[in-house]
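Okay, here's what each chain looks like letter by letter:
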Amino acid sequence: MSESKRCQDKKGWAYGIGSYDVAQEPLLRTIKHGEKEVGIVTRNRYDADVLNAKSMLCIDVDLGDPQRQDGCFVKTAQEALEALQDAVNKPMKWLPDYKQDRFDPAMYAERNQWIDGHRHGLGFRVYRTAGGLRYICTTHTWRAGSDFEDDLMRYVYSDYRYRRICKIQRTFRVRLTPKPWRIRLECKETSRGVEWFNKPGEGIARTAEYVKTIGSDVVLPSFSELLR
């Protein structure tokens, strides 16, 4: 898989993300494993519920024609899944060697420690979304905001906007409820601001549908509640 085939990042696709603060979203629920907080559910600015997890890697991949320059990096689900399979089979292929830091022992120590912890046994659950695919790694813990995680997300065609917000906010985000306009809700101005209402006869659409698992099907105990 050639790096030259990938669409280059364009910062304009992430316009406005730098000023957006997840901490300002209404907190709906805290998720714990034992006594440890592993995630929170918040409501974003267009009233969708969003899971935020700092160590469970979630990757969004939008499908579209990269030549249209609309932020999509990959056209078909088959090509996207081939990239994920490649990343699982050959984790060293997508991890840069950081040669420019060859005189920085700390960088090499961190890289080698990361490699030792992530080179074997990777596994991802694959979901189909309205606009593409979603991957959730169930086998390893990650660190949102790390360059290593960003390297992987870029390799599997995650768009710059999603990667950027994960890096800035240091959390992996998964939308749990559909975007209002995708389920044909009506938007009305009220005394409390803008609110969305179900149109008569319209049901609630599914946000994501499980497709398959690529790699190991192991689920870390600390992720079980997040997945549920």
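Whatever comes next refers back to the structure up there.
Residues numbered from 1 in each chain as written. Predicted model: local features only at pLDDT ≥ 70, side-chain atom pairs only at ≥ 80, totals over all residues. Heavy atoms only, no water.

**Brief notes about the side chain of Glu149**
Then comes step 1: Considering the arrangement of structural elements, one finds Glu149 in helix 4 (residues 147-155).
Then comes step 2: Summary of buried charges: Glu149 has no salt-bridge partner, and the nearest side chain of opposite charge, Arg143, is 5.6 Å away.
Then comes step 3: At 2.7 Å, the side chain of Glu149 and the side chain of Ser146 are in polar contact.
Then comes step 4: Excluding its chain neighbours within four sequence positions, the residues that come into contact with Glu149 are Trp114, Trp142, Arg143 and Phe172. (Helix = DSSP H or I, 4+ residues; strand = E, 2+ residues; numbered from the N terminus. Buried < 20%, exposed > 50% of the residue type's maximum accessible area, 1.4 Å probe, protein only. Lys, Arg positive; Asp, Glu negative; His and termini not counted. Salt bridge = Lys/Arg side-chain N within 4 Å of Asp/Glu carboxyl O. Polar contact = N/O pair within 3.5 Å; in protein donor to acceptor, adjacent residues only side chain to side chain. Contact = heavy atoms within 4.5 Å.)

**Quick notes on the nonpolar core**
Then comes step 1: Counting 43 residues, the largest nonpolar core has Leu57, Phe124, Tyr135 and Phe172 as the members making the most contacts within it.
Then comes step 2: Counting residues per element, this core draws most heavily on helix 1 (residues 77-89), at 6 residues.
Then comes step 3: Excluding anything up to four places from it in sequence, Phe124 contacts Leu57, Ile59, Leu84, Val88, Tyr135, Ile136, Cys137, Leu152, Lys212, Thr213, Ile214 and Ser216. (Core = buried A, V, L, I, M, F, W, Y, C linked by side-chain atoms within 4.5 Å.)

**Topic: helix 4**
Then comes step 1: Among the 9 residues in helix 4, 8 count as buried, and that is most of the element.
Then comes step 2: Taken together, the buried positions of helix 4 are Phe148, Glu149, Asp150, Asp151, Leu152, Met153, Arg154 and Tyr155.
Then comes step 3: Backbone geometry just after helix 4 places Tyr157 at a positive phi near 75°.

**Let's talk about empty space enclosed by the protein**
Then comes step 1: Within this structure, the stated rule accounts for 1 cavity of 30 Å³ or more.
Then comes step 2: Considering only enclosed or pocket space, the largest cavity measures out at about 40 Å³ in volume.
Then comes step 3: Taken together, Ala144, Gly145, Ser146, Glu149, Asp150, Met153, Arg163, Cys166, Lys167 and Phe172 make up the lining of the largest cavity.
Then comes step 4: Of all the elements in the fold, those that place two or more residues in the lining of the largest cavity are helix 4 and helix 5 (160-169).
Then comes step 5: Of the residues that constitute the lining of the largest cavity, the class distribution is 4 nonpolar, 2 polar and 4 charged. (1 Å grid on protein atoms, 1.4 Å probe; cavity = no way out; pocket = protein on both sides within 12 Å on 5 of 7 lines; lining within 4 Å. Points joined across faces, edges and corners; volume = space filled by probe spheres on them. Nonpolar A, V, L, I, M, F, W, Y, C, P; charged D, E, K, R; others polar.)

**Digging into the layout of surface pockets**
To find the voids left in a structure, one rolls a probe of water-molecule size over its atoms.
Then comes step 1: Its volume calculated, the second largest pocket comes out at about 360 Å³.
Then comes step 2: Contributing to the lining of the second largest pocket are 18 residues, with Glu37, Val38, Gly39, Ala53 and Lys54 lying nearest its centre.
Then comes step 3: Among the secondary structure elements, those contributing two or more residues to the lining of the second largest pocket are strand 2 (36-43) and strand 3 (49-53).
Then comes step 4: Among the elements that make up the lining of the second largest pocket, the one with the highest residue count is strand 2 (5 residues).
Then comes step 5: Split into classes, the residues belonging to the lining of the second largest pocket amount to 7 nonpolar, 7 polar and 4 charged.

**So, the sheet that holds strand 3**
Then comes step 1: Strand order in the open sheet formed by 4 strands is 1-2-3-7, and the pairing between neighbours is antiparallel. Edge positions in the sheet fall to strand 1 (27-33) and strand 7 (172-175), since each of these pairs with one other strand and no more. Shown here is a sheet whose adjacent strand axes are inclined to one another by a mean of 25°, direction ignored. (Pairing = 2+ DSSP bridges. Axes fitted to C-alpha atoms, helices over the stretch in contact; angles between N-to-C directions.)

**Some points on the packing of aromatic side chains**
Then comes step 1: Tallying each qualifying case throughout the model produces 1 aromatic pair.
Then comes step 2: Summarising the aromatic geometry, the rings of Tyr127 and Tyr210 are spaced 5.7 Å apart at their centres and angled 75° between planes, so their arrangement reads as edge-to-face. Within this pair, whereas Tyr127 is found in strand 5 (residues 123-129), its partner Tyr210 is found in strand 10 (residues 208-215), the two being separated by 83 residues in sequence. (Phe/Tyr/Trp six-rings, centres within 6.5 Å; stacked < 30°, edge-to-face > 60°.)

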